[in-house]
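Take a look at the letters that make up each chain.
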Amino acid sequence: MVNVPWFGVVSAYLGALPGGKPKDLAALQAEVERWAVTEYATTILAGSAVDPTERPRVLDQMHAYTGLNKDFLDKGAPACIAAGVATLRPRCS
């Protein structure tokens, strides 16, 4: 969860976000930090018990904040992005 804001900032800096490069990286970082410790954390902690309607919404937001492909995120990013658990897959393999 703590890595998600950095994924967002690096992706923004590299121009890899779907919405383009934001004007204010600090504001983006603050926004992603809030989201990561609230909605994202709740979803990750719910594991396989996550509400099926919540999962796609969080995948969409993770894609928007990191630029990572939704299918990549959904299928369980390799080794759960090196155990940073930046995936919504119930288990890291």
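Scroll up to find the structure.
Below: a short report on this structure.

What counts as what
Residues numbered from 1 in each chain as written. Predicted model: local features only at pLDDT ≥ 70, side-chain atom pairs only at ≥ 80, totals over all residues. Heavy atoms only, no water. Salt bridge = Lys/Arg side-chain N within 4 Å of Asp/Glu carboxyl O. Helix = DSSP H or I, 4+ residues; strand = E, 2+ residues; numbered from the N terminus. Polar contact = N/O pair within 3.5 Å; in protein donor to acceptor, adjacent residues only side chain to side chain. Contact = heavy atoms within 4.5 Å. Buried < 20%, exposed > 50% of the residue type's maximum accessible area, 1.4 Å probe, protein only. Arc of directions from axis to C-beta.

Digging into the pattern of salt bridges
Then, number 1: Enumeration according to the criterion identifies 3 salt bridges in this entry.
Then, number 2: The partner of E54 in a salt bridge is R57, and the shortest N-O contact between them spans 2.6 Å. Of this pair, E54 and R57 both sit in helix α3 (residues 54–66), 3 residues apart, which is roughly one turn of that helix.
Then, number 3: It is possible to trace a salt-bridge network through shared partners that takes in E39, E54 and R57.

Details of the side chain of T66
Then, number 1: Its location among the elements puts T66 in helix α3.
Then, number 2: In terms of polar contacts, T66 uses its side chain to reach the backbone carbonyl oxygen of M62, at 2.7 Å.
Then, number 3: The residues touching T66, leaving out its near neighbours within four places in the chain, are F7, G8, S11 and L17.

Section: helix α1 (residues 4–13)
Then, number 1: Of all the positions in α1, only V4, P5, G8, V9, S11 and A12 are classed as buried. For α1, the angular spread of buried residues about the axis comes to 165°, placing them on one side. Among the exposed residues of α1, those oriented more than 90 degrees off its buried face are W6 and Y13.
Then, number 2: Turning to α1, the residues buried within the fold contact α2 (25–46) and α3.
Then, number 3: Just downstream of α1, G15 is the residue with a positive phi angle, here 75°.

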